[in-house]
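Listed below, chain by chain, are the residues.
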Amino acid sequence: MERKVLAVLLLGVFLLGTIAAGCLGGGGEKSQPTTSQQIGSSTTTTTHGTTTPTTSPTTTSASSATTTTTSSSERTTTTTTISSTTTTTATIPTTTTTTTTTPTPAAVKIDFSKFRKTGQVIGEWRTIFKGQPIYTVPGYFDLVKAYFPDAEVRDLSDYRWGIAVLPPELAVKELDGKRVRVEKVDYFGYVAYRNGYHFVGPDKGIIAVFNSEEGAKLILTGTSRAGVGLALRELSRIHSYSDVPSLYVLRSGQFEGLFLKEIGDVNWNGIVERTEFVEDYPLYYEEPFHYYWRVVKGENVTVSGGFIRLVNGSTVYIRALGFNVSVSVKPSGAELTYVIENINPAYVDYPKCAEVGETWIKLNSTSGFTLRPREVSNYTVFALGDHRPAHRNDPVPSVFLKIMDQVNNGSGAFVIDGGDLVYSGRLSEWVDLMKVWKWNKPVFLTPGNHEYQGEGKNIFHYLFGPDEDYSFVLGDYVYVFMNDVENGYTLSSHQWEALKAALEMANETGRRAVIVMHAPPYDPRPNGDHSMNHNSAEKLLALMREYNAFGIFSHIHLNWYGEHEGVQMIITGGAGAPLYVTDPNEGGFYGYAMLSMGPGGEIEVKLVRVE
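Residues numbered from 1 in each chain as written. Predicted model: local features only at pLDDT ≥ 70, side-chain atom pairs only at ≥ 80, totals over all residues. Heavy atoms only, no water.

1. Section: the sheet that holds strand S19 (residues 325–330)
Next, step 1: The five strands are arranged S15-S16-S19-S24-S21 in an open sheet whose pairing can be described as antiparallel. Edge positions in the open sheet fall to strand S15 (293–296) and strand S21 (348–349), since each of these has one partner strand only.
Next, step 2: Relative to strand S16 (residues 299–304), S15 runs antiparallel, the two sharing four bridges. Each bridged residue has a counterpart across the sheet, and for Val296 the counterpart in S16 is Glu299. (Pairing = 2+ DSSP bridges. Helix = DSSP H or I, 4+ residues; strand = E, 2+ residues; numbered from the N terminus.)

This is how it looks when you write it as structure tokens:
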């Protein structure tokens, strides 16, 4: 994040002013929004995005291994937009598919050895499966016809080989054991798997081709109806090998699979419509997210102070990253519903017509809105970190559950979690955690090194949003969250610039900065070395000392509060992970910190021990 971006985020509190958008009536249900939302025929928990649309990577054209005609055009983007004259628009047919008596072509087997380049089998699917009907379930006939209007569509009950379009519940069995497949797991619902990595969310599509005992199969599926539509949309664009993003194709023996993600199909029906802006991406390991921008009912919705977790029809779910959240809408006019999650209504000014719960605010608007923090002079913040288990496959530490209960029963504005939430970032570990992750206060996090690896990195983004540096203001304090684990326990050059800008802003507005990172600049243990690298630690301490910043860190498994080189800080790394010291007087106990954030930057700290 550039220096000016973080400064703008901080200035938002002062420049946005009072609540700008009216409500058009509360509407809707009176109960708190759940962590799962029904989208089409699939259940999901969260979904994300990025600030501006981008195109998918280009691939170089190559000649085909067969005699079919090769397209001369290069694949330069997979963006689908209805307003573009170069984009094919899929529409739902009004006619009904009738039963056909056309005989089924004979089964074929694919000789993968003749297709020497990865992606060639998928690229030549039209030749390999020429004349084959497309099999699917009745509820997906319209989806197939949207992208293949001339295809012969047959009921899946007759399927033995050839092309099949499968909803996720049927794809689980069909692709069982394959290198690219669909799985169903607790909490997350249907997820996609690609050669060692799980990808959560309903926005994934899969194209898989392989030989079975009966004959060659081309399977199109996904983690929801939207994902299946994505697979069909991508296949409809492939006429030869030059159209295949071969870099992203996984080939293993008698198998080729292409893994995809879409962003923008907000009604989750799998068909791109006039009021949607949909982008498609082939996936390898790193997953793209659109955090701050989406088109909903033809409106450009842009969020600051939070990120778009999910859009379901005309309802936009926003996870707040602080207490100043705003939405702008252009051209504006359509009535949209917003559910702002991870927020404490007691500390925010919001429209009188809004509905509120413990950690959410729901309102309707045609022109956007602004929520800003209330003027408060004294409040409590809870801080904890490192509540991962001791070993892989261990359950969530019981002491962490006790800590969560105590914090939920306490009175405070929000919770800070310093990271190391799970042991290694694996999906099964996230499932165990999220099944018990139940807070009645907002939780603001910075990533830890344990979850921020492998598939855990994508899942962290999916659940908690950007790992980019963000900040917010409440009372006399500016809270600055930074990721210091991705670059080897240091900050990048632009992070240092952004941090100094935040410190200057706090100083200019008469506020005290509170810096939150995972790894601390100091290890209080004798001869301790579990901190940031030496040069970065000294640089951070110098900045904190210059601007009188307070620090909240984790990473070292103890609970400690003190001062080092004139800098006040706490280390709250004892929320469940194995303790590094045994003497309670040296921080060797499980627990958390309670911080009384008083006026004028006066902070009182109490370390709470939990057995």
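2. Observations regarding the sheet that holds strand S20 (residues 336–341)
Strand pairing in a sheet relies on backbone hydrogen bonds. The paired strands run either parallel or antiparallel.
Next, step 1: An order of S17-S18-S20-S23-S22 is seen for the five strands of this open sheet, with the pairing classed as mixed. Unpaired on one side and paired on the other, strand S17 (306–312) and strand S22 (355–356) mark the two borders of the sheet.

3. Considering unusual backbone geometry
Next, step 1: Cis geometry is adopted by the peptide bond preceding Pro331, which originates at Lys330 and carries an omega value of 5°.
Next, step 2: Considering the arrangement of structural elements, one finds Pro331 in the loop between S19 and S20.
Next, step 3: Backbone geometry at Tyr187 places phi at a positive 70°, although glycine is not the residue there.
Next, step 4: Positive phi outside glycine occurs at His555, with the angle close to 80°.
Next, step 5: One can find His555 in the loop between strand S31 (550–553) and strand S32 (559–564).

4. Remarks on the pairing of strand S11 (residues 216–222)
Next, step 1: Among the seven residues that make up S11, seven are buried, leaving the element largely enclosed by the rest of the structure.
Next, step 2: The two faces of S11 match: Ala216, Leu218, Leu220 and Gly222 on one face and Lys217, Ile219 and Thr221 on the other face are all buried.
Next, step 3: Note: strand S6 (residues 162–165) against S11, four bridges, orientation parallel. Bridge pairing in S11 places Gly162 opposite Lys217. (Buried < 20%, exposed > 50% of the residue type's maximum accessible area, 1.4 Å probe, protein only.)

5. Notes on the packing of aromatic side chains
Next, step 1: Here the structure, examined in full by the defined rule, presents 39 aromatic pairs.
Next, step 2: Seen from their ring centres, Phe400 and Trp437 are 6.4 Å apart, and the 25° between their planes marks the pair as stacked. Of this pair, Phe400 sits in helix H7 (residues 398–409) while Trp437 is found in the loop between helix H8 (427–434) and strand S27 (443–445), placing the two residues 37 residues apart along the sequence.
Next, step 3: When the ring of Phe414 is compared with that of Phe444, the centres are 5.4 Å apart and the planes differ by 70°; the resulting orientation is edge-to-face. With a gap of 30 residues between them, Phe414 in strand S26 (residues 414–417) and Phe444 in strand S27 connect regions that are remote in the sequence. Like Phe414, the residue Phe444 is buried in the burial classification.
Next, step 4: Here the aromatic residues Phe323, Tyr347, Tyr379, Phe414, Phe444, Tyr470, Phe472, Tyr477, Tyr479 and Phe481 are joined through ring pairs into a cluster of three or more.
Next, step 5: Over the ring of Phe210 we find Lys178; its NZ or CZ atom is 4.5 Å from the centre of that ring.
Next, step 6: The lysine or arginine in question, Lys261, covers the ring of Phe289, its NZ or CZ lying 3.8 Å from the ring centre. (Phe/Tyr/Trp six-rings, centres within 6.5 Å; stacked < 30°, edge-to-face > 60°. Lys NZ or Arg CZ within 6 Å of the ring centre and 35° of its normal.)

6. Quick look at the packing of helix H10 (residues 493–508) against helix H11 (residues 534–547)
Next, step 1: With their axes 10 Å apart at the nearest point, H10 and H11 run at an angle of 15° to one another. When the axis of H10 is compared with that of H11, the two are roughly parallel. Of the two elements, H10 crosses H11, and the hand of that crossing is right-handed. The segment H10 lies against H11, with Trp496, Leu499, Lys500, Leu503, Glu504 and Asn507 engaging Ser536, Lys539, Leu540, Leu543 and Tyr547.
Next, step 2: By residue class, the composition of the contact of H10 with H11 is six nonpolar, two polar and three charged. (Axes fitted to C-alpha atoms, helices over the stretch in contact; angles between N-to-C directions. Parallel < 35°, antiparallel > 145°, perpendicular 65-115°, else oblique. Left-handed = near helix turned anticlockwise from the far one by under 90°. Contact = heavy atoms within 4.5 Å. Nonpolar A, V, L, I, M, F, W, Y, C, P; charged D, E, K, R; others polar.)

7. Here we look at the environment of Leu230
Next, step 1: Its location among the elements puts Leu230 in helix H6 (residues 225–237).
Next, step 2: On the basis of relative accessibility, which here comes to 0%, the residue Leu230 falls in the buried class.
Next, step 3: In sequence terms Leu230 and Leu220 are ten residues apart; their C-alpha atoms lie 9.1 Å from each other.
Next, step 4: Once residues lying within four places of it in the same chain are set aside, the contact partners of Leu230 are Asp203, Lys204, Gly205, Leu260, Lys261, Glu262 and Asp280.

8. Section: the side chain of Asn344
Next, step 1: Within the fold, Asn344 resides in the loop between S20 and S21.
Next, step 2: A distance of 3.1 Å separates the side chain of Asn344 from the backbone oxygen of Ala413, its partner in a polar contact.
Next, step 3: With residues up to four places along the chain from it excluded, the contact list for Asn344 reads Phe323, Glu358, Gly412, Ala413 and Pro442. (Polar contact = N/O pair within 3.5 Å; in protein donor to acceptor, adjacent residues only side chain to side chain.)

9. Here's the deal with the nonpolar core
Where a protein is soluble and globular, its nonpolar side chains tend to be buried together.
Next, step 1: Ranked by size, the top nonpolar core spans 87 residues in total, and within it Phe188, Tyr338, Tyr379, Phe414 and Tyr479 carry the most contacts.
Next, step 2: Filtering out sequence-adjacent residues up to four positions away, Tyr479 remains in contact with Tyr379, Val381, Phe414, Ile416, Tyr470, Ser471, Phe472, Leu474, Val514 and Met597. (Core = buried A, V, L, I, M, F, W, Y, C linked by side-chain atoms within 4.5 Å.)

10. Observations concerning the environment of His530
Next, step 1: Within the element layout of this structure, His530 appears in the loop between strand S30 (512–516) and H11.
Next, step 2: Along the primary structure His530 and Pro520 are separated by ten residues, whereas in three dimensions their C-alpha atoms are 8.2 Å apart.
Next, step 3: When near neighbours in sequence (up to four residues on either side) are disregarded, His530 contacts Pro520, Asp523, Arg525, His555, Ile556 and Tyr580.

11. Considering the pairing of strand S14 (residues 277–282)
Next, step 1: The buried fraction of S14 amounts to six of the six residues, a majority that puts the element mostly inside the structure.
Next, step 2: The alternating pattern of S14 places Phe277, Glu279 and Tyr281 and Val278, Asp280 and Pro282 on opposite faces, both of which are buried.
Next, step 3: Bridge count for strand S13 (residues 255–263) against S14 is four bridges, and the pairing is antiparallel. Bridging across to S14, Lys261 finds its partner in Tyr281.

12. Re the pattern of salt bridges
Next, step 1: Scanning the entire structure with this criterion turns up 21 salt bridges.
Next, step 2: We note a salt bridge from Arg309 to Glu341, for which the minimum N-O separation is 2.6 Å. Residue Arg309 is located in strand S17, and its partner Glu341 is located in strand S20; the two are separated by 32 residues in the primary sequence. This pair shows no difference in class: Arg309 is buried, exactly as Glu341 is.
Next, step 3: Residues participating in the shared-partner salt-bridge network are Asp203, Lys204, Lys261 and Glu287. (Salt bridge = Lys/Arg side-chain N within 4 Å of Asp/Glu carboxyl O.)

13. Structural notes on H6
Next, step 1: Between its first and last C-alpha atoms H6 spans 19 Å; for 13 residues at 1.5 Å apiece the expected length is 18 Å, and the two agree.
Next, step 2: In terms of residue burial, H6 counts as a mostly covered element, since twelve of its 13 residues are buried.
Next, step 3: Taken as a whole, H6 has its buried residues at Arg225, Ala226, Gly227, Val228, Gly229, Leu230, Ala231, Leu232, Arg233, Glu234, Leu235 and Ser236.
Next, step 4: Two or three places before Ala226, at the opening of H6, Ser224 has a side-chain oxygen 3.2 Å from that residue's backbone nitrogen. (Expected span 1.5 Å × (residues − 1).)

14. As for the packing of H8 against helix H9 (residues 455–464)
Next, step 1: Where H8 meets H9, the axes come as close as 10 Å, and the angle between the chain directions of the two elements is 30°. Here H9 runs roughly parallel to H8, going by the angle between their axes. Across the interface between the two elements, Leu427, Trp430 and Met434 from H8 touch Glu455, Gly456, Ile459, Phe460, Leu463 and Phe464 from H9.
Next, step 2: A class-by-class count of the residues in the contact of H8 with H9 yields seven nonpolar, one polar and one charged.

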